[in-house]
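Structural characterization, general
So the chains spell out like this:
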Amino acid sequence: MEGAGSWDAIEWTKVEHVGGSVSHGMMDLLLEKEEVIVEGYGVVLVNTDDAGTLLVTNFRLLFVSERSRNIIPLGTIPLATIEKFSKQAMKVQPTIRQFDKTPPRRLLQVIGKDMRIIVFGFRPRTKQRRAVLDALWRWTRPLHLWDLYTFQCGPSRFNNSNPKLRLLNEYCRLLGKGSHDVTSSALEDGSFSISNEWWRVSGVNSNYTMCSTYPFALIVPKCISDEDVRQASTFRARYRLPVISWCNPGTGAVLARSSQPLVGLMMNTRSNADEKLVAALCTQVAVEMGPRRKLCIADARPRKNALANGAMGGGSESSSNYFQSEVVFFGIDNIHAMRDSLARLREYLDTHGANSSDGMSSFLRNGGWTWGGGNLSSMSASVSTLGDSGWLIHIQSVLAGSAWIAARVVKESSSVLVHCSDGWDRTTQLVSLASLLLDPYYRTFKGFQALVEKDWLAFGHPFSDRMGIPTISGNTGGPVDLLRQSSAGSIPTSPLRTSSTAASSHAQTSSNYSPIFLQWVDCISQLLRMYPCAFEFSSAFLVDFLDCMLSFRFGNFLCNSEKERHQSGISDSCGCIWMYLADLRGSEGCSHTHFNPFYDPVKYDSSLLPPAAALAPNIWPQFHLRWACPAEAQAGELETQCRAMAKKFTDIQKAKEMAEAKARDVITSMESLTVELMKEKKLSTSAMDLAKRACRESLAIKRAIQSLGCKVHFSGTGDSALDVGSTPLEIKQKFVYPSAKDLDDDAQLEEETDLSVSISLVEDNIVSNDPETRHCEPLCPYRTREGCKWPDAECAQFGSQFVGLKANFDAFDRLSIYDCYFGSD
């Protein structure tokens, strides 16, 4: 471990700091209400040989890189996700530079429930490891449920609605009632009534007095009274009587669940109420469906285990006591076998992964004689180690049992009663997975939430016991045992661990811890691989969902039953995981990684019935390999590539819409400008016409006045001026007609131009000396080539131009300037 981020790069001047105020810049890395308990510098993450700062908060272990000051995900794990931790000491192999003076490193191994094994290295002769261990002791085993981070954070903006109302809504959907408005008052007093012709919702357990681990409302056959239900509950372990979990209103087939019957060692104890209730599960539509159908009783346990439970008063049903019934044993192992199997799988991945907890690649371990080293026998031994873990075999057993149940319901319209010992582990796995195969609604986001809340939360899967967190009754049998018991074979066998000195284990799993829920989600990932277009959600959603559940950042999965969560006020005191995940999806819409880009609800709108040959599970790379083999966990993922293309297409679509919107705006602006231009053109034409008319009027007035012998002079701010003596052609040339450009500013011209007209009389004795021009002055408007058109043409007989004119001046006075008497211009 001689990388740039290893031991030699650590600033050892800081290593004595183990607590106190948070360093500058660290506050931005914390979540809401997250507080730092211990802060240690110069810690090395052995898996990747990175140096950084390790913080223990009230929610997680937080490892921050020394160089980038960013959070390193591998070294950051929520405290509730830690399954066990222990301290170790290892003598570093000396090198030429180090000689034998290198002190042994102080190691802290942390094993998570999410398949990771991480090791932190501390410099010797410091108090950092002791401070971190003390903080882990305190915060990984809180004395009370209220000490968990989720209660300190509160609901924040992820408020939780009433889970009882959500359960009743799901019951309404199952009974074919659609949406049913159940008021809060009816919910409190238990007066709600939902039923159809075959089944009904009973409030017999509304106060949890009959069965403390069942929900407040149960679906039972309509012909069974509440008193029969109470009597039947006494014949089942922990009073978990047969009730309906899923039903088909079309065929009358149901999926029912319960615990084992209390038949005893001789298998001869019977209960009339129990037999009547079980028989009612499949006889409701016998007349319509023809011959009476068979009732299938699926016992999830191996047969020998069921017989062994008979010695303690339990056991299994006898087909002779339940008419038209068939009892089938699935042979699924118990919670202890699942816990050990997951531990072996985690050990296998850590030993042969790229980021092993000893910091050594599998290609270099043991001189290269392991997987990838070229030795065939060692590679075969590695595959055998994976098989010996048994995890994939257990996955296959659960998948096969669920597929068998779904096939009976679909192919034969049979009702199936499923149970194991207590009816809350293997039973929940089989019933919920079979429901997922039968009902396409459960393969959507909303349906998945309804399925988890109904079959896992409402029907009392003991999450606190299985996950090793406190219950409302304290810490007895929970994290105390989790931290003090030991388990053989749980310490890995890599060179780092075999060469390390033995150290006391500070955290260990309890006898009740088991990854039952994780195993069920793993089964869904296998179905998602087989049917990539049948699910609305993706594998990434399942990973994030599991991380949130294991971290217990939210309160949905606290406690062991609906009753405990109700008594603790969990829904009001803690945030909701479903709201958080919905908020993540809403941030990016359908392009978010939680959405399955291949989802086809039209094609997969019915049941999924995988054949036995297809039920060959594989390692779930997105979850199992993300810490040990991060590159391989995402390599070649078709979802990622398709999602990237979909996002690119969405961006192009948005750009196209923006361009089209901009083009529409431009077209609208052009149309508006065109309308304005037409208005201006009309105004310009009108102004031009007025100007021409004014010119004609002015010219007519001028000629008329000049014909009277007056001298006309136009003056103004412009250069236009007329004098007597010019020819008509010269007058037109001198007069400035307004152009179209000038008419655009006619209002301004009207304001700026001050036109004045002066008229003066011409003396009478002015006589032309030229005899040829005496006949008529050039300015006479009626002088033509043929002669003067003035009446009698006597104007040239006198010294003055117009004196002695023979004309009717009275008629002249009556002439209008608009008259055409003088002719046009």
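Please read all numbers here as calculations on a predicted model, not as lab measurements. Sequence order as written defines residue numbering, which begins from 1 separately in each chain. Where totals are concerned, whole chains, interfaces and linings use all residues; where local detail is concerned, this predicted model gives features only for residues with pLDDT of at least 70, and gives and counts side-chain atom pairs only at 80 or more. The basis for the side-chain values is all heavy atoms of the structure; hydrogens and waters are excluded.

1. Comments concerning the confidence of the model for the protein
- Confidence in the prediction of the protein, expressed as mean pLDDT, is 79, and 71% of residues score 70 or more.
- At the level of individual helices and strands, the protein shows its lowest average pLDDT in helix α15 (residues 479-484), which scores 29, and its highest in helix α12 (residues 426-438), which scores 98.
- Low pLDDT, under 50, characterises residues 475-508; the stretch is placed with 82 contacts to residues that sit more than four places away or in other chains.
- Long-range and interchain partners of residues 770-775, a stretch whose pLDDT sits below 50, account for 6 contacts in this model, where long-range means more than four residues apart. Every residue carries a pLDDT, the predictor's confidence in it, which falls somewhere between 0 and 100. Helix numbers and strand numbers start at the N terminus; a helix is a DSSP run of H or I with at least 4 residues, a strand a run of E with at least 2. Only heavy atoms matter for contacts: two residues are in contact if any of them lie within 4.5 Å across the pair.

2. Considerations on the packing of α12 against helix α17 (residues 516-530)
- Here an axis means a line fitted to C-alpha atoms, over the contact stretch when the element is a helix, while the angle between two N-to-C directions is reported on a 0 to 180 degree scale. Between α12 and α17, the least distance of the axes is 11 Å, while the angle of their chain directions is 25 degrees. In terms of their interaxial angle, α12 and α17 are classed as roughly parallel. Crossing of α12 against α17: the hand is right-handed. For the pair α12 and α17, the contacting residues are Gln 429, Ser 432, Leu 433, Leu 436 and Leu 437 in the first and Ile 516, Gln 519, Trp 520, Cys 523, Ile 524 and Leu 527 in the second. By definition in this entry, angles of less than 35 degrees are roughly parallel, angles greater than 145 are roughly antiparallel, angles of 65 to 115 are roughly perpendicular, and the rest are oblique. What makes a crossing left-handed is the near helix being turned counterclockwise from the far one by less than a right angle; a clockwise turn instead makes it right-handed.

3. A word on the pairing of strand β10 (residues 243-247)
- Burial of β10 is extensive: 5 of the 5 residues sit out of reach of the surface.
- A pair of strands counts as paired when DSSP detects no fewer than two bridges linking them. Across 4 bridges, β10 lies against strand β11 (residues 254-258) in antiparallel orientation. The residue bridging Trp 246 from the neighbouring strand is Leu 255, located in β11. Note on classification: 1.4 Å probe, protein chains only; a residue is buried when its accessible area is under 20% of the maximum for its type, exposed when over 50%, partly exposed between these limits.

4. Quick notes on the environment of Asp 422
- As for its position among the elements, Asp 422 is in the loop between β14 (415-419) and α12.
- Linking Asp 422 and Tyr 239, residues 183 residues apart in sequence, is a C-alpha distance of 9.4 Å.
- Residue contacts for Asp 422: discarding those within four places in its chain leaves Arg 238, Arg 240 and Ser 259.

5. Some points on the side chain of Arg 408
- For Arg 408, the position within the fold is in helix α11 (residues 391-412).
- We classify Arg 408 as buried; its relative accessible area is 16%.
- Apart from the residues within four sequence positions on either side, Arg 408 is in contact with Cys 296, Ser 413, Ser 414 and Val 416.

6. Here we look at the nonpolar core
- Think of a nonpolar core as a cluster: buried Ala, Val, Leu, Ile, Met, Phe, Trp, Tyr and Cys residues, connected wherever their side-chain atoms sit within 4.5 Å. Judged by nonpolar contacts, the single largest core of 141 residues is most densely connected at Phe 448, Phe 517, Trp 520, Phe 535, Phe 545, Phe 557 and Leu 558.
- Among the elements that make up this core, the one with the highest residue count is α17 (10 residues).
- Residues within four places of Phe 557 in sequence aside, it is in contact with Val 452, Leu 457, Phe 463, Phe 517, Phe 545, Met 549, Phe 552, Ile 577 and Trp 578.
- Counting residues in hydrophobic clusters, the runner-up holds 25 residues, among them Val 38, Val 43, Leu 45 and Leu 74.

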